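Descriptive analysis of the structure
Here is what each chain is made of, one letter per residue.
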Amino acid sequence: MAKPGSKVYFTVCFIVFYSHCVLTDFPSRIEMEHWSDLLRRELYDLFDGATGYNTIPRAYNDESKIDRSPFQLNFQDVDPVAIVDKMAVSLSSMLENKMKALKDSVEKAERAAKGHVWSNDITKEKCLKSKEIKPDDPRLVYNERFKQMIIPNMSSVHIPVEIYDGDKEILNGLKWSAALDEVFYENYQNDPEILWQYFGSQSGFMRTLPASRWNTGEEVDLYDVRRRPWYTQGSSSPKDMLILIDTSGSVQGQALELMKVAVKSLLDTLGENDFVNIVQFSSEAKSVSSCFGDRFVQANYMNKKKLIEEVDNVQAIGMADFGAGFRFAFEQFDKLKNQTAGERGAECNRMIMLLTDGGTDEAQEVFDKYNPKKKMKYRVFTYAVGPTANPVSAIKNIACRNRGYFSQIPAMGAVTSKVQEYVDVIARPLALQSVQETIWTSIYPDMYISPDFLNYPVRAMEMYSIPLERQYQFSIKLDPWGLGMMTTVTLPVYNTTPSTANQTILGVMGIDVTIDSMLKRAPLRMFGPNGYPFAVNPNGYVVFHPKLDTMTSEMKEPPNVDILELEVDTPKIRQLRRRMIDRETDTVAFDTYTLSLDKRHVDKEKDDRQRTYSFRPIDNTSFSLGVSIPKYQQHHLNISMSQDIQAFITRNPDLLNMTGAALLIADWDYYTNFTVSENLTGTVLDLLTALEDSQTEWDRELINHLLFDLNMTTYIRDFWSVTNLDFVGAFLSTMGGLTAVYPKSDELLELFMKERDTWKANYFKRAIDTDSLMFSAPYILVPKKDGNDSVGNVMISKSVSINNSDLNSKLQGQKLNYKAAVYGVVFSHQTVLEGLKKRVQVCVQSDVTACHLLDDGAFLVATNQHNFNTSVGMFFGKVDPEVMSMLYNESFFSRLDQYEFGTSCKLPNDSTTSTGTLAFRIPSLNLLYEFLTFNWWSSVVTWTWSNFNVYSLLNPSPAAVVEASSDDDEEPCSKKQAQYYYSDDTWMSGRTWECDVRGLNCSREYIVHRVLDTNLLLVVTEVMKDDCKVCRTQVEPDLVIQELDKITTMEANEEFCSLKPRYRKRITDCYDHDPREDATKCGGSLTHPVSYILTFVVVIVTSIIVNR
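Since we're looking at a predicted model, the values are computed, not measured. (Residues numbered from 1 in each chain as written. Predicted model: local features only at pLDDT ≥ 70, side-chain atom pairs only at ≥ 80, totals over all residues. Heavy atoms only, no water.)

1. Considering the overall build of the protein chain
- Per the secondary structure count, the protein chain includes 33 helices and 43 strands.
- Relative to all contacts within the protein chain whose residues are 6 or more apart in sequence, the contacts with residues 24 or more apart total 76%.
- Taken as a whole, the protein chain presents about 48,500 Å² of accessible surface, with 50% of it coming from carbon and sulfur. (Helix = DSSP H or I, 4+ residues; strand = E, 2+ residues; numbered from the N terminus. Contact = heavy atoms within 4.5 Å. Areas by Shrake-Rupley, 256 points an atom, 1.4 Å probe, with all protein chains shown as cover.)

Below, the structure written as structure tokens:
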């Protein structure tokens, strides 16, 4: 804690008309309050003098000037309730069309399957396979809807690598499912927004329309439709799964490694609606996870990743006691049932998945107690893993007596196909009852990648003259070959053949809906730059939200981003989340916090800056829609023109040419396909050709507003042309997407060209959120090197409001506060520093007193310390960690901590590892064992072995493939970032921590005071003595953390494992039992043993290969 000491007296020299010295004490609160007020006036005078600020508000509010122009201003009320209602109805209608198309496809599929005559003598017929479509196939045409080359009127088929494409089940399925082309294409023609339509078969193939080339680049194609989130969620009711791993001593070596891979494969079959727990047993049983303990956890992306990490640490020791293992497993289910509402798991399909190398104990007493035959609530699935030396008949009996299924996993090549055999079993109740329940999946990235457009980013960069070194970043953000994040609506497809004994589903039908297509239903202009729509699903996970990170397109699974990770977590936001999950309808307003676009500032929005949230469910879906609108966004400006656009430009030829200034425009579609036009400059000149063409299809709302704003710039042109250049530059950024920059210098163009979209520009969004002067300096992570541009400039900006309600007769008598623009200036640091020293006398003597100006995020804006000049724009905790730690520790600054779990960090240069050793593998005894079993001699297994196991010999296992495909100079890690914001205090004083260096007291006195009507903080401290610099390193790092940076594994685990389960709701019915189910179909025959001779051959061959 700070320990204020006695006043320190020192000499301050200042200049009035001459230099003289007086004895004074450290500044008091009264002095700081006075100086802060003087500084506020000085800064406002400086801003006004450089910009002629009042000129613009007067122009925007001058009724007579606007009356003489061709523009008519129409202010529309922004009603959150009306907006959310209209958008929800529109979304419901659009999504209902997709569901109708889906049902048509399902009916067609079931009729086709019903009419198909099964043939055991079926042979391969011509079938269009996605992997076999050549790039020069004449049927391929570019389609803007799909952003790639497609064959619109045909479907193509994908078959997983480990499945024999001549299998009878596959061939029969391909034949009857070919009839889907007709209904798929009919849906495609009837709905201009419909995208990928596909059928995923329970046998593993996927049929998709339109046909397109399948490409995974240099990655191995491990895609299996049955493992995709939309398939697993659509093929069964939610699951409560407990994975029980036999870790007795007999499981040592490859059997244990196979089990670990099998566990990961099981986790891959689970989604966010499922819950999972992992238990290991030998003589005793215990939970695998030290993080989650005995709890069942939601099978979301991060929880599964944590479980995989902990499964890797499992070791085998002791004797197997199956009774102890199953008893412990059932006890965990009992605990789950006693949890509070929302934390009881999926409350459906309770199942135990046993992984073992075999045994003779059937643990019947345990099952008689916990899962008696007459009240059987649990299913048990058993897996015999590895070339088991132990008997497995007892393991199969356990599955058969408990409504489960027995599978054998003899080698790595069998893991994927064998693990997912349980899915067909738990789908039986759905199939027997023919349940038609549409499921909307979590959002996930588009998986369809067209190789024909891999060079698109290069062409785009040539078009936009983007430097070569930025190719990778640009290509990801542009996302030219994907459709972005999407959701899928699914329905199961059943076998309706009369008198059939089939109790499994044929597969799952799905149709994609992109998030972009949903957002087209949002009246985004009504929201303003700081308002937005958002939607959540019953788990509280985001369907769409402006802060949802688009870089999640690299993820192979749904990102499972909770709304609390995008909105600043407060009790009010948590309550909002719960009410939306419960599908309530309401409108509320409350204080909240908003994270800035650059993730470096947190804005407190309270009082007249509160946010209004209006929300309601989207009918016919599981989603809930919300809108978030700032209170000041009460009106939307819609501008009409009495003149034709071309006529207006003809009469005002100078409007598009401002002497000495650059007129930049946002990359919005002012006319049809404007943003995809070639040779764009980013200025109003891009509109010149279109303005001269009477056939141009304009977006009248956008172009009218832009022309209105251009007309407003005429009122500052004269001021800019005569002003003396005592500033770096000035700018006017408008709601209509215009940014006027003066002068037209390379420095300013580089700054503003990348933020031409004013609605997405950080400075613009922050400035319109307040009426105060907003100061900022370009962010830097480390001090700049000495040089001409080593000291950062300072941007000052202020919002411009239209508050004259007489501009629209409909508003007379109403309060109007429409944010029309942001006006600003860029000063050199020296200019701001001179103003600081002019009004804060104590700051003149820089060798005695250190003075700093910080913005509201604690970033350095100005300083009188020459050695800190190159740190302008840097977080103050890196400039003066002692003082900053006190400001945070004493709660003058509050802080928002954010974590990124399961991300990647760069390895140190000397720690780079290579995946070269994974590039070739010696054939394992397991694979040769599988090769030499009796079953190998069937054609199906021969094909599977040659296509998958030979691949396994020469390449990594699936788990290793993922690892090998990642950057070899990165490692898994977690990161932490912090944003600081002011508390309610306006001043604070104290001393830094006690720090003695060789008998020298290095503690320093400090005092801080807010500069009102700005976002600045005036900081005054004693100058640090040269011998005291070591005290900087003694500050606890966590007290001054800011930039996203790697944290220790211990801190990451403590934070992640302390997270409590969040409220969720299951909205689907549970189908986990049907009395007609035939439980005798509980597993295949046991593997035929190999002869000792063949085993000897295996050993000899392996020995030869190893010793070559």
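Now that the structure is up, let's keep going.
2. Quick look at the sheet that holds strand β31 (residues 774-776)
- Ordered in space as β28-β30-β29-β33-β32-β31, the six strands form an open sheet in which the pairing is antiparallel. Either end of the sheet is taken by a strand with one partner, and the two such strands are β28 (662-665) and β31. Direction aside, the axes of adjacent strands within the sheet are offset by 20° on average.
- In terms of strand pairing, strand β29 (residues 729-734) meets strand β33 (residues 818-827) through six bridges, oriented antiparallel. By the bridge assignment, Leu732 is partnered in β33 with Tyr823.
- Each of β31, β32 (794-802) and β33 is contacted by helix α1 (residues 29-51), which is oriented at about 95° to β33, the strand it contacts most. (Pairing = 2+ DSSP bridges. Axes fitted to C-alpha atoms, helices over the stretch in contact; angles between N-to-C directions.)

3. What about the environment of Asn495?
- Following the sequence through the fold, Asn495 ends up in the loop between β18 (485-494) and β19 (505-514).
- Separated by 2.7 Å, the side chains of Asn495 and Thr497 make a polar contact. (Polar contact = N/O pair within 3.5 Å; in protein donor to acceptor, adjacent residues only side chain to side chain.)

4. Some points on the side chain of Glu567
- If you trace the backbone, Glu567 turns up in the loop between β21 (542-544) and α20 (571-581).
- Put simply, Glu567 is tucked away with no salt bridge, and the nearest opposite charge, on Lys547, sits 5.6 Å away.
- If sequence neighbours within four positions are ignored, Glu567 has contacts with Tyr532, His545, Ile573 and Tyr613. (Buried < 20%, exposed > 50% of the residue type's maximum accessible area, 1.4 Å probe, protein only. Lys, Arg positive; Asp, Glu negative; His and termini not counted. Salt bridge = Lys/Arg side-chain N within 4 Å of Asp/Glu carboxyl O.)

5. Overview of the pattern of salt bridges
- Following the criterion strictly, the structure yields 51 salt bridges and no others.
- A salt bridge links Lys175 to Glu125, with the nearest nitrogen and oxygen atoms 3.7 Å apart. Linking Lys175 in helix α5 (residues 168-177) with Glu125 in the loop between α4 (80-115) and β4 (141-143), this pair joins segments that are 50 residues apart in sequence.
- Here Asp586 makes a salt bridge to Arg579, at a shortest N to O gap of 2.8 Å.
- Several salt bridges converge on common partners, so that one network encompasses Arg895, Asp897, Lys976, Asp1038 and Glu1051.

6. Quick look at helix α12 (residues 393-401)
- Where α12 is concerned, the buried positions are Ala394, Ile395, Ile398 and Ala399. Taken end-on, α12 shows its buried residues confined to a sector of 145°, consistent with a single buried face.
- At its buried positions, α12 is contacted by α10 (322-337), β13 (350-356), α11 (364-370), β14 (379-385) and β15 (406-409).
- Following α12 by one or two positions, Arg403 adopts a phi angle in the positive range, close to 55°. (Arc of directions from axis to C-beta.)

7. Overview of unusual backbone geometry
- The omega torsion of the bond from Leu209 to Pro210 falls at 5°, within 30 degrees of zero and hence cis.
- Considering the arrangement of structural elements, one finds Pro210 in the loop between β8 (206-209) and α7 (229-234).
- With omega at -5°, the peptide bond leading from Tyr742 into Pro743 counts as cis.
- Relative to the elements of secondary structure, Pro743 occurs in the loop between β30 (738-742) and α24 (746-753).
- Of note, the phi angle at Lys599 is positive, near 60°, even though the residue is not glycine.
- If you trace the backbone, Lys599 turns up in the loop between β23 (592-595) and β24 (602-605).
- On the accessibility criterion, Lys599 (36% relative accessible area) is partly exposed.

8. Examining the state of the cysteines
- Enumeration according to the criterion identifies seven disulfides in this entry.
- Two residues share a disulfide in this structure: Cys905 and Cys973, whose sulfurs sit 1.8 Å from each other. Where Cys905 bonds to Cys973 through sulfur, the torsion about that S-S bond is close to 75°, and the disulfide is right-handed. Note that Cys905 is positioned in strand β36 (residues 893-906) and Cys973 in strand β37 (residues 970-982), a separation of 68 residues in sequence. Taken individually, Cys905 and Cys973 each receive the classification buried, so the pair is uniform in this respect. (Disulfide = S-S within 2.5 Å.)

9. Comments concerning the sheet that holds strand β43 (residues 1045-1046)
- Ordered by their spatial adjacency, three strands build an open sheet running β36-β37-β43, and the pairing between neighbours is antiparallel. Both edges of this open sheet fall to β36 and β43, since each of them pairs with a single strand only.
- Strand contacts of helix α32 (residues 1049-1057): β36 and β37, with the helix running at about 110° to β36, the strand carrying the most contacts.

10. A closer look at the nonpolar core
- Tyr670, Leu687 and Ile802 are the most contacted members of the largest nonpolar core, which has 102 residues in total.
- For this core, the element with the highest residue contribution is helix α23 (residues 700-722), accounting for nine residues.
- Setting aside chain neighbours within four positions, we find Ile802 in contact with Tyr60, Asn61, Leu73, Phe75, Leu637, Leu807, Leu816, Asn817, Tyr818 and Ala820. (Core = buried A, V, L, I, M, F, W, Y, C linked by side-chain atoms within 4.5 Å.)

11. With respect to the packing of α1 against helix α26 (residues 829-839)
- Where α1 meets α26, the axes come as close as 9 Å, and the angle between the chain directions of the two elements is 145°. Judged by the twist between their axes, the crossing of α1 over α26 is right-handed. Contacts between α1 and α26 involve Trp35, Leu38, Leu39, Glu42 and Leu46 from the first element and Thr831, Gly835, Leu836, Lys838 and Arg839 from the second.
- Counted by class, the contact of α1 with α26 contains five nonpolar, two polar and three charged residues. (Left-handed = near helix turned anticlockwise from the far one by under 90°. Nonpolar A, V, L, I, M, F, W, Y, C, P; charged D, E, K, R; others polar.)

12. A word on the environment of Leu691
- In this fold, Leu691 is placed in helix α22 (residues 688-691).
- Expressed as a C-alpha distance, the spacing of Leu691 and Phe648, which sit 43 residues apart in the sequence, is 9.9 Å.

13. Looking at the environment of Leu680
- Structurally, Leu680 can be placed in the loop between β28 and α22.
- The exposure class of Leu680 is partly exposed, given its relative accessible area of 21%.
- Sequence spacing of Leu680 and Asp667 is 13 residues, and the spatial spacing of their C-alpha atoms is 9.4 Å.

14. Points about the packing of aromatic side chains
- Tallied over the full model, the rule gives 48 aromatic pairs.
- Taking 5.0 Å as the distance between ring centres and 55° as the angle between the ring planes, the aromatic pair formed by Phe333 and Tyr378 counts as tilted. Here Tyr378 lies in the loop between α11 and β14 and Phe333 lies in helix α10, a separation of 45 residues in the sequence. Here Phe333 and Tyr378 have matching classes, each one buried.
- Above the plane of the ring of Tyr632 lies Lys819, whose end atom (NZ or CZ) is 5.8 Å from the centre. (Phe/Tyr/Trp six-rings, centres within 6.5 Å; stacked < 30°, edge-to-face > 60°. Lys NZ or Arg CZ within 6 Å of the ring centre and 35° of its normal.)

15. Brief notes about α1
- Between its first and last C-alpha, α1 extends 33 Å over 23 residues, near the 33 Å set by a 1.5 Å rise per residue.
- Along α1, the positions that sit buried rather than exposed are Met32, Trp35, Ser36, Leu39, Glu42, Leu43, Tyr44, Leu46, Phe47, Ala50 and Thr51.
- Gly52, located one to two residues past α1, shows a positive phi value of around 60°. (Expected span 1.5 Å × (residues − 1).)

16. Quick look at the confidence of the model for the protein chain
- For the protein chain, per-residue confidence averages 83 on the pLDDT scale, and 84% of positions sit at 70 or higher.
- Segment residues 1-24 is flagged for pLDDT under 50; beyond a separation of four residues in sequence, or across chains, it makes 48 contacts in the model. (pLDDT = per-residue confidence, 0-100.)

17. Focus on the side chain of Arg895
- Within the fold, Arg895 resides in strand β36.
- Residue classification places Arg895 among the buried positions, given a relative accessible area of 13%.
- A polar contact is formed between the side chain of Arg895 and the side chain of Tyr980, at a distance of 3.1 Å.
- A polar side-chain atom of Arg895 sits 2.6 Å from the main-chain carbonyl oxygen of Asp1038.
- Once residues lying within four places of it in the same chain are set aside, the contact partners of Arg895 are Tyr888, Lys976, Ala978, Gln979, Tyr980, Tyr981, Asp1038, Leu1039, Val1040 and Ile1041.

18. Quick word on the packing of helix α9 (residues 301-311) against α32
- Packing of α9 against α32 brings their axes to within 12 Å, and their N-to-C directions diverge by 130°. Overall, the two elements α9 and α32 adopt an arrangement that is oblique. When the axes of α9 and α32 are compared, the crossing they make is left-handed. Only Asn1053, Phe1056 and Cys1057 of α32 make contact with α9, whose side of the interface consists of Met302, Asn303, Lys306 and Glu309.
- Broken down by class, the residue content of the contact of α9 with α32 amounts to three nonpolar, two polar and two charged. (Parallel < 35°, antiparallel > 145°, perpendicular 65-115°, else oblique.)

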